[in-house]
Amino acid sequence: AHPCSVFTAHDDTTVLIGNNEDYYGAEDTLIWFVPPEDDAYGYVSWGFADNHFSQGGMNDQGLFYDGLATPALPVEDWPGTETFTLMTLEEVLAGSATVDEALPMLEAVDIGPVLETAQLIFADRFGDSAILEGDTIVRPDEDWQIALNFYWSDPDLGYYPDWRLPILLERMTDGLEMTVEYFTETADAVHQGTDPTAPGVFTRYT
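Bear in mind that the values here come from a model prediction, so they are computed numbers and not experimental data.

Conventions and cut-offs
- Residues numbered from 1 in each chain as written.
- Predicted model: local features only at pLDDT ≥ 70, side-chain atom pairs only at ≥ 80, totals over all residues.
- Heavy atoms only, no water.
- Salt bridge = Lys/Arg side-chain N within 4 Å of Asp/Glu carboxyl O.
- Helix = DSSP H or I, 4+ residues; strand = E, 2+ residues; numbered from the N terminus.
- Buried < 20%, exposed > 50% of the residue type's maximum accessible area, 1.4 Å probe, protein only.
- Pairing = 2+ DSSP bridges.
- Axes fitted to C-alpha atoms, helices over the stretch in contact; angles between N-to-C directions.

### Considerations on the pattern of salt bridges
Piece 1. Under the defined criterion, the tally for this structure stands at five salt bridges.
Piece 2. We note a salt bridge from aspartate 22 to arginine 164, for which the minimum N-O separation is 3.6 Å. Here arginine 164 lies in helix 4 (residues 164-173) and aspartate 22 lies in strand 2 (residues 15-24), a separation of 142 residues in the sequence. Arginine 164 shares its class with aspartate 22; the two are buried.
Piece 3. For aspartate 128, the salt bridge goes to arginine 139, with nearest N and O atoms at 2.8 Å. On the criterion of sequence distance, the pair formed by aspartate 128 in the loop between strand 9 (118-123) and strand 10 (129-133) and arginine 139 in the loop between strand 11 (136-138) and strand 12 (144-147) is long-range, its members being 11 residues apart.
Piece 4. For arginine 139, a relative accessible area of 34% puts it in the partly exposed group.
Piece 5. Three or more residues joined by partner-sharing salt bridges are found here, namely Asp22, Asp162 and Arg164.

Put into structure tokens, the structure is as follows:
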């Protein structure tokens, strides 16, 4: 079992995103709200109480992101030089309204060390999305995109095949319904763990 899962789809009027935040251990989860300011968007973030690091979030413009654990992947060509901090991703939420606005902010930051063991997925209210896989940015060919713990650009690097992938592929294609209820059922279908106190991965929040 590996953490986490994210899936998004859109039609002409609606964009929906589902996210299971899976984690080892039983740390307390946290949700916090930052109101907008004259020069910054408001946003909500989710994470864990032990370090208050934003594992994912969405701003008041509809820009969403989340991170997923991945196999090791050397990052050699990321251009950014600014220091990555615990606030970097929240700063992206505060300063970007779309995926196309978020990517240049990220490219200015040295997130290479982060992307060597994790990937980031961003999506916005227009249905645009992107997965940052090391030096590669993966854009969808369909009206949906799925992020798990393998690299779409190179599945052989590890964590593939994934038992959740055929479930999500079926639900994002056959009979896809653009409703909160359908996305809730989809998240439930790839929920991990049954006992939050047992060893291993458990879905801490959805």
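### What about the pairing of strand 12?
As a general feature of sheets, a regular strand has side chains that alternate between the two faces.
Piece 1. Along strand 12, one buried face is formed by Trp144 and Ile146 and the opposite face, lined by Gln145 and Ala147, is buried too.
Piece 2. Note: strand 1 (residues 5-10) against strand 12, four bridges, orientation antiparallel. Looking at the pairing, valine 6 lines up with alanine 147 of strand 12.

### Details of the sheet that holds strand 12
Piece 1. The sheet built from four strands is open, its strands ordered 12-1-2-13 with antiparallel pairing. Here the strands that pair on one side only, and so sit at the sheet edges, are strand 12 and strand 13 (201-205). In this sheet, adjacent strand axes meet at a mean angle of 20° when their direction is disregarded.
Piece 2. Where strand 1 and strand 2 come together, six bridges link them in antiparallel fashion.

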